[in-house]
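# Fold and geometry: a report
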Amino acid sequence: MLDFNKIINNIHNNLKNNVVKGVVASYIPELSKQDVNQFGIFMQHVDGRTFKAGDAQTPFSIQSISKVLTLSKAIAFEDNNLWKRVDVEPSGNPFNHLSLLELENGIPRNPLINAGAIVIADILCTKLENPKEDFLKYVRDIANDQSINYNFKVAESERKTGFNNYAAANLLKSFDNLNNDVDVVMDFYFHQCAIEMTCAQVAKAFYVFANSGRCFNNIQHITSSQVKRINAIMLTCGFYDESGEFAFEVGLPGKSGVGGGIVALLPNHLIISTWSPGLNPKGNSLIGMQALEQFTTQTNLSIF
Ligand code: GLU
(Lines give C-alpha, C1' and ligand atoms only; values in the text may rest on other atoms or scores of the structure.)
Protein backbone atom coordinates (compact mmCIF):
# COMPACT_ATOMS: atom_id res chain seq x y z
CA MET A 1 0.00 0.00 0.00
CA LEU A 2 1.27 3.47 -0.91
CA ASP A 3 2.47 5.63 1.99
CA PHE A 4 0.97 8.93 0.77
CA ASN A 5 2.08 10.78 3.89
CA LYS A 6 5.70 9.87 3.28
CA ILE A 7 5.54 10.50 -0.48
CA ILE A 8 3.97 13.95 -0.14
CA ASN A 9 6.30 15.04 2.66
CA ASN A 10 9.35 13.81 0.74
CA ILE A 11 8.29 15.74 -2.36
CA HIS A 12 7.74 18.84 -0.23
CA ASN A 13 11.16 18.50 1.39
CA ASN A 14 12.84 17.89 -1.98
CA LEU A 15 11.38 21.00 -3.57
CA LYS A 16 10.90 23.57 -0.82
CA ASN A 17 14.49 24.83 -0.92
CA ASN A 18 14.74 24.95 -4.72
CA VAL A 19 16.64 28.08 -5.68
CA VAL A 20 14.64 28.49 -8.88
CA LYS A 21 11.07 29.15 -7.82
CA GLY A 22 9.66 31.12 -10.72
CA VAL A 23 8.25 34.63 -10.64
CA VAL A 24 5.15 35.83 -8.78
CA ALA A 25 2.48 37.31 -11.10
CA SER A 26 2.72 41.08 -11.08
CA TYR A 27 0.20 42.11 -13.75
CA ILE A 28 -2.43 41.97 -11.02
CA PRO A 29 -0.69 44.27 -8.49
CA GLU A 30 -2.35 42.71 -5.43
CA LEU A 31 -0.92 39.27 -6.36
CA SER A 32 2.65 40.59 -6.52
CA LYS A 33 2.61 40.85 -2.70
CA GLN A 34 2.71 37.05 -2.34
CA ASP A 35 5.77 35.45 -0.71
CA VAL A 36 7.47 33.24 -3.32
CA ASN A 37 8.66 30.84 -0.58
CA GLN A 38 5.19 29.58 0.35
CA PHE A 39 4.55 26.02 -0.74
CA GLY A 40 1.77 23.66 0.23
CA ILE A 41 0.46 20.27 -0.91
CA PHE A 42 -2.85 18.66 0.03
CA MET A 43 -4.19 15.29 -1.07
CA GLN A 44 -7.77 14.16 -0.61
CA HIS A 45 -8.48 10.48 -1.20
CA VAL A 46 -12.06 9.68 -2.24
CA ASP A 47 -12.23 7.27 0.71
CA GLY A 48 -11.92 10.31 3.02
CA ARG A 49 -8.22 10.10 3.97
CA THR A 50 -6.25 13.34 3.69
CA PHE A 51 -2.52 14.08 3.58
CA LYS A 52 -0.75 17.40 3.66
CA ALA A 53 2.62 19.14 3.71
CA GLY A 54 3.75 22.75 4.14
CA ASP A 55 1.39 25.69 3.61
CA ALA A 56 -1.65 23.58 2.74
CA GLN A 57 -3.97 25.61 4.99
CA THR A 58 -2.97 29.11 3.84
CA PRO A 59 -5.54 30.87 1.62
CA PHE A 60 -4.42 32.00 -1.83
CA SER A 61 -6.11 33.56 -4.85
CA ILE A 62 -7.53 30.69 -6.90
CA GLN A 63 -7.70 32.78 -10.09
CA SER A 64 -8.25 30.56 -13.15
CA ILE A 65 -8.98 27.48 -11.03
CA SER A 66 -12.38 29.19 -10.60
CA LYS A 67 -13.06 28.66 -14.33
CA VAL A 68 -13.68 24.95 -13.73
CA LEU A 69 -16.12 25.78 -10.95
CA THR A 70 -18.10 28.31 -13.02
CA LEU A 71 -18.14 25.86 -15.94
CA SER A 72 -19.61 23.15 -13.69
CA LYS A 73 -22.25 25.54 -12.38
CA ALA A 74 -23.16 26.61 -15.95
CA ILE A 75 -23.16 23.04 -17.31
CA ALA A 76 -25.66 22.01 -14.64
CA PHE A 77 -28.29 24.21 -16.35
CA GLU A 78 -28.11 21.90 -19.39
CA ASP A 79 -28.32 24.81 -21.77
CA ASN A 80 -27.68 23.44 -25.28
CA ASN A 81 -26.52 26.86 -26.41
CA LEU A 82 -23.44 26.70 -24.17
CA TRP A 83 -21.41 24.59 -26.61
CA LYS A 84 -22.50 26.79 -29.51
CA ARG A 85 -21.01 29.80 -27.73
CA VAL A 86 -17.71 28.23 -26.66
CA ASP A 87 -15.64 25.46 -28.25
CA VAL A 88 -13.71 22.58 -26.65
CA GLU A 89 -10.35 22.75 -28.43
CA PRO A 90 -6.97 23.58 -26.85
CA SER A 91 -5.88 27.07 -27.84
CA GLY A 92 -2.10 26.57 -27.96
CA ASN A 93 -2.05 30.22 -26.94
CA PRO A 94 -1.60 32.14 -23.69
CA PHE A 95 -4.69 32.44 -21.49
CA ASN A 96 -5.46 36.01 -22.55
CA HIS A 97 -4.76 35.89 -26.28
CA LEU A 98 -7.22 37.81 -28.45
CA SER A 99 -6.20 37.19 -32.05
CA LEU A 100 -7.78 33.71 -32.29
CA LEU A 101 -11.02 35.10 -30.88
CA GLU A 102 -11.25 37.61 -33.70
CA LEU A 103 -10.23 35.06 -36.31
CA GLU A 104 -12.86 32.61 -35.06
CA ASN A 105 -15.74 35.08 -35.01
CA GLY A 106 -16.03 35.54 -31.27
CA ILE A 107 -16.30 31.84 -30.35
CA PRO A 108 -13.59 31.20 -27.73
CA ARG A 109 -11.52 28.04 -28.16
CA ASN A 110 -12.50 26.62 -24.77
CA PRO A 111 -14.09 27.61 -21.43
CA LEU A 112 -10.76 27.65 -19.55
CA ILE A 113 -9.10 30.52 -21.42
CA ASN A 114 -10.15 34.00 -20.35
CA ALA A 115 -12.50 34.71 -23.28
CA GLY A 116 -14.25 31.35 -22.79
CA ALA A 117 -14.58 31.89 -19.06
CA ILE A 118 -16.07 35.33 -19.74
CA VAL A 119 -18.78 33.67 -21.89
CA ILE A 120 -19.45 31.23 -19.03
CA ALA A 121 -19.60 34.20 -16.61
CA ASP A 122 -22.17 35.80 -18.93
CA ILE A 123 -24.29 32.63 -18.81
CA LEU A 124 -24.19 32.64 -15.00
CA CYS A 125 -25.05 36.36 -14.88
CA THR A 126 -28.20 35.46 -16.85
CA LYS A 127 -29.14 32.25 -15.04
CA LEU A 128 -28.36 33.14 -11.41
CA GLU A 129 -30.63 35.47 -9.48
CA ASN A 130 -27.79 36.98 -7.42
CA PRO A 131 -24.77 35.85 -9.46
CA LYS A 132 -21.92 36.62 -7.02
CA GLU A 133 -23.78 35.43 -3.92
CA ASP A 134 -25.20 32.32 -5.59
CA PHE A 135 -21.89 31.27 -7.10
CA LEU A 136 -20.06 31.73 -3.79
CA LYS A 137 -22.73 29.63 -2.10
CA TYR A 138 -22.17 26.87 -4.69
CA VAL A 139 -18.40 26.88 -4.06
CA ARG A 140 -18.95 26.81 -0.28
CA ASP A 141 -21.43 23.95 -0.63
CA ILE A 142 -19.31 21.70 -2.82
CA ALA A 143 -16.24 22.35 -0.63
CA ASN A 144 -18.39 21.86 2.48
CA ASP A 145 -16.86 25.01 3.94
CA GLN A 146 -18.83 28.19 4.64
CA SER A 147 -15.71 30.26 5.42
CA ILE A 148 -14.65 30.56 1.74
CA ASN A 149 -14.92 34.13 0.46
CA TYR A 150 -13.95 36.66 -2.18
CA ASN A 151 -10.89 38.84 -1.64
CA PHE A 152 -12.36 42.20 -2.63
CA LYS A 153 -8.95 43.90 -2.83
CA VAL A 154 -7.80 41.37 -5.45
CA ALA A 155 -11.04 41.80 -7.42
CA GLU A 156 -10.58 45.58 -7.41
CA SER A 157 -6.92 45.26 -8.37
CA GLU A 158 -7.95 43.11 -11.36
CA ARG A 159 -10.68 45.51 -12.37
CA LYS A 160 -8.28 48.47 -12.38
CA THR A 161 -5.73 46.68 -14.55
CA GLY A 162 -7.98 44.35 -16.56
CA PHE A 163 -7.67 46.11 -19.91
CA ASN A 164 -7.00 42.89 -21.81
CA ASN A 165 -10.00 41.15 -20.24
CA TYR A 166 -12.24 44.14 -21.01
CA ALA A 167 -10.95 43.97 -24.60
CA ALA A 168 -11.93 40.28 -24.78
CA ALA A 169 -15.39 41.04 -23.38
CA ASN A 170 -15.91 43.89 -25.85
CA LEU A 171 -14.81 41.67 -28.72
CA LEU A 172 -17.27 38.99 -27.58
CA LYS A 173 -19.99 41.64 -27.39
CA SER A 174 -19.18 42.84 -30.91
CA PHE A 175 -19.68 39.26 -32.14
CA ASP A 176 -22.96 39.04 -30.27
CA ASN A 177 -21.60 36.43 -27.86
CA LEU A 178 -22.25 38.36 -24.63
CA ASN A 179 -25.82 38.99 -23.51
CA ASN A 180 -25.24 41.10 -20.41
CA ASP A 181 -23.45 44.43 -20.09
CA VAL A 182 -19.67 44.16 -20.29
CA ASP A 183 -19.29 45.78 -16.84
CA VAL A 184 -21.76 43.38 -15.20
CA VAL A 185 -20.02 40.30 -16.63
CA MET A 186 -16.53 41.59 -15.81
CA ASP A 187 -17.52 42.39 -12.23
CA PHE A 188 -18.59 38.75 -11.84
CA TYR A 189 -15.48 37.44 -13.63
CA PHE A 190 -13.05 39.47 -11.50
CA HIS A 191 -14.77 38.27 -8.34
CA GLN A 192 -14.77 34.57 -9.33
CA CYS A 193 -11.01 34.84 -9.95
CA ALA A 194 -10.55 36.61 -6.60
CA ILE A 195 -11.98 33.79 -4.49
CA GLU A 196 -9.47 32.74 -1.83
CA MET A 197 -9.08 29.11 -0.86
CA THR A 198 -6.47 26.90 0.76
CA CYS A 199 -5.04 23.80 -0.96
CA ALA A 200 -7.28 21.77 1.36
CA GLN A 201 -10.43 23.68 0.35
CA VAL A 202 -9.59 23.45 -3.37
CA ALA A 203 -9.06 19.69 -3.13
CA LYS A 204 -12.37 19.29 -1.30
CA ALA A 205 -14.24 21.43 -3.86
CA PHE A 206 -12.83 19.30 -6.70
CA TYR A 207 -14.07 16.13 -5.01
CA VAL A 208 -17.17 16.33 -7.26
CA PHE A 209 -14.98 15.86 -10.35
CA ALA A 210 -13.32 12.76 -8.90
CA ASN A 211 -16.56 11.33 -7.57
CA SER A 212 -18.92 11.29 -10.60
CA GLY A 213 -20.54 14.61 -9.66
CA ARG A 214 -21.23 13.88 -5.98
CA CYS A 215 -19.70 16.21 -3.41
CA PHE A 216 -18.39 15.37 0.01
CA ASN A 217 -21.90 15.35 1.44
CA ASN A 218 -23.02 12.89 -1.23
CA ILE A 219 -25.18 15.46 -3.03
CA GLN A 220 -25.26 15.05 -6.83
CA HIS A 221 -24.39 18.48 -8.28
CA ILE A 222 -23.68 17.44 -11.87
CA THR A 223 -24.13 14.19 -13.79
CA SER A 224 -21.29 11.74 -14.38
CA SER A 225 -21.50 12.49 -18.09
CA GLN A 226 -21.03 16.21 -17.36
CA VAL A 227 -18.05 15.32 -15.16
CA LYS A 228 -16.54 13.37 -18.06
CA ARG A 229 -16.72 16.46 -20.25
CA ILE A 230 -15.28 18.79 -17.59
CA ASN A 231 -12.36 16.44 -16.86
CA ALA A 232 -11.66 16.10 -20.60
CA ILE A 233 -11.51 19.88 -20.94
CA MET A 234 -9.20 20.12 -17.93
CA LEU A 235 -6.86 17.55 -19.48
CA THR A 236 -6.71 19.23 -22.88
CA CYS A 237 -7.02 22.90 -21.91
CA GLY A 238 -6.25 23.32 -18.18
CA PHE A 239 -2.71 24.72 -18.42
CA TYR A 240 -2.78 27.52 -20.99
CA ASP A 241 -0.36 26.65 -23.77
CA GLU A 242 1.35 24.09 -21.54
CA SER A 243 -1.55 21.62 -21.38
CA GLY A 244 0.34 19.07 -23.49
CA GLU A 245 3.34 19.41 -21.18
CA PHE A 246 1.19 18.85 -18.08
CA ALA A 247 -0.47 15.76 -19.61
CA PHE A 248 2.98 14.49 -20.60
CA GLU A 249 4.67 15.15 -17.25
CA VAL A 250 1.78 14.52 -14.84
CA GLY A 251 -0.91 12.61 -16.73
CA LEU A 252 -3.94 13.91 -14.85
CA PRO A 253 -6.74 16.36 -15.67
CA GLY A 254 -6.16 19.57 -13.76
CA LYS A 255 -6.25 23.35 -13.68
CA SER A 256 -3.79 26.03 -12.72
CA GLY A 257 -4.18 29.69 -11.80
CA VAL A 258 -1.82 32.66 -11.83
CA GLY A 259 -2.07 32.82 -8.03
CA GLY A 260 0.25 29.77 -8.11
CA GLY A 261 -2.34 27.11 -7.34
CA ILE A 262 -2.77 23.84 -9.23
CA VAL A 263 -5.37 21.13 -8.72
CA ALA A 264 -5.32 17.73 -10.43
CA LEU A 265 -7.36 14.59 -9.96
CA LEU A 266 -7.53 10.91 -10.69
CA PRO A 267 -11.21 9.97 -11.11
CA ASN A 268 -12.50 7.64 -8.39
CA HIS A 269 -9.18 7.86 -6.54
CA LEU A 270 -7.88 11.21 -5.39
CA ILE A 271 -7.57 14.95 -5.74
CA ILE A 272 -4.24 16.69 -5.17
CA SER A 273 -3.65 20.43 -4.98
CA THR A 274 -0.47 22.44 -4.69
CA TRP A 275 0.29 26.09 -4.12
CA SER A 276 3.59 27.84 -4.80
CA PRO A 277 3.18 31.40 -6.14
CA GLY A 278 6.29 31.48 -8.37
CA LEU A 279 5.24 30.94 -12.00
CA ASN A 280 7.15 29.59 -14.98
CA PRO A 281 7.19 31.63 -18.24
CA LYS A 282 3.91 29.98 -19.33
CA GLY A 283 2.09 31.17 -16.17
CA ASN A 284 1.95 27.84 -14.31
CA SER A 285 3.36 27.31 -10.82
CA LEU A 286 6.93 26.15 -11.36
CA ILE A 287 7.31 24.14 -8.15
CA GLY A 288 3.69 22.90 -8.32
CA MET A 289 4.25 21.33 -11.75
CA GLN A 290 7.40 19.61 -10.47
CA ALA A 291 5.65 18.38 -7.32
CA LEU A 292 2.82 16.82 -9.33
CA GLU A 293 5.23 15.22 -11.80
CA GLN A 294 7.09 13.63 -8.89
CA PHE A 295 3.81 12.51 -7.30
CA THR A 296 2.47 10.63 -10.33
CA THR A 297 5.92 9.23 -11.20
CA GLN A 298 6.51 7.93 -7.65
CA THR A 299 2.99 6.55 -7.13
CA ASN A 300 2.40 5.42 -10.71
CA LEU A 301 -1.08 6.92 -10.37
CA SER A 302 -2.20 8.69 -13.54
CA ILE A 303 -5.01 8.26 -16.03
CA PHE A 304 -2.52 6.58 -18.37
N1 GLU B 1 -7.86 36.75 -13.32
C2 GLU B 1 -6.80 36.35 -14.18
C3 GLU B 1 -6.94 37.06 -15.50
O4 GLU B 1 -8.00 37.18 -16.00
C5 GLU B 1 -6.87 34.88 -14.36
C6 GLU B 1 -5.68 34.38 -15.07
C7 GLU B 1 -5.31 32.99 -14.70
O8 GLU B 1 -5.26 32.58 -13.55
O9 GLU B 1 -5.02 32.28 -15.67
O10 GLU B 1 -5.98 37.56 -16.05
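Here's what I pulled together on the structure shown here. (Residues numbered from 1 in each chain as written. Predicted model: local features only at pLDDT ≥ 70, side-chain atom pairs only at ≥ 80, totals over all residues. Heavy atoms only, no water.)

## Quick notes on the sheet that holds strand S4 (residues 60-61)
Pairing in this open sheet of three strands is antiparallel, and the strands run S4-S6-S5 from one edge to the other. In this open sheet, the two strands that pair with only one neighbour each are S4 and strand S5 (149-150). Pairing of S5 with strand S6 (residues 195-197), which is carried by two bridges, proceeds in the antiparallel orientation. Within S6, the residue paired with Asn149 across the bridge is Glu196. (Pairing = 2+ DSSP bridges. Helix = DSSP H or I, 4+ residues; strand = E, 2+ residues; numbered from the N terminus.)

## Structural notes on the packing of helix H1 (residues 4-16) against helix H14 (residues 286-299)
H14 packs onto H1 with a crossing angle of 145° between their chain directions and a minimal axis gap of 10 Å. In this structure, the crossing between H1 and H14 has a hand that is right-handed. Contact residues: Phe4, Ile7, Ile8, Ile11, Asn14 and Leu15 in H1; Ile287, Gln290, Ala291, Gln294, Phe295, Gln298 and Thr299 in H14. (Axes fitted to C-alpha atoms, helices over the stretch in contact; angles between N-to-C directions. Left-handed = near helix turned anticlockwise from the far one by under 90°. Contact = heavy atoms within 4.5 Å.)

## As for unusual backbone geometry
Leaving glycine aside, a negative phi is the common case for residues, and trans is the common case for peptide bonds. If you check the backbone angles, Asn105 has positive phi at about 55° while not being a glycine. Structurally, Asn105 is set in the loop between helix H4 (99-103) and helix H5 (114-127). Of note, Asn300 is a non-glycine position whose phi angle comes to about 60°, a positive value. A relative accessible area of 68% places Asn300 in the exposed class. (Buried < 20%, exposed > 50% of the residue type's maximum accessible area, 1.4 Å probe, protein only.)

## Structural notes on the sheet that holds strand S2 (residues 40-45)
Taken together, five strands build an open sheet; the order of strands is S3-S2-S9-S8-S7 and the sheet is antiparallel. In this open sheet, the two edge strands, each paired with only one partner strand, are strand S3 (50-54) and strand S7 (254-256). The mean inter-strand angle of the sheet, taken between neighbouring strand axes irrespective of direction, is 5°. Pairing of S7 with strand S8 (residues 261-266), which is carried by three bridges, proceeds in the antiparallel orientation.

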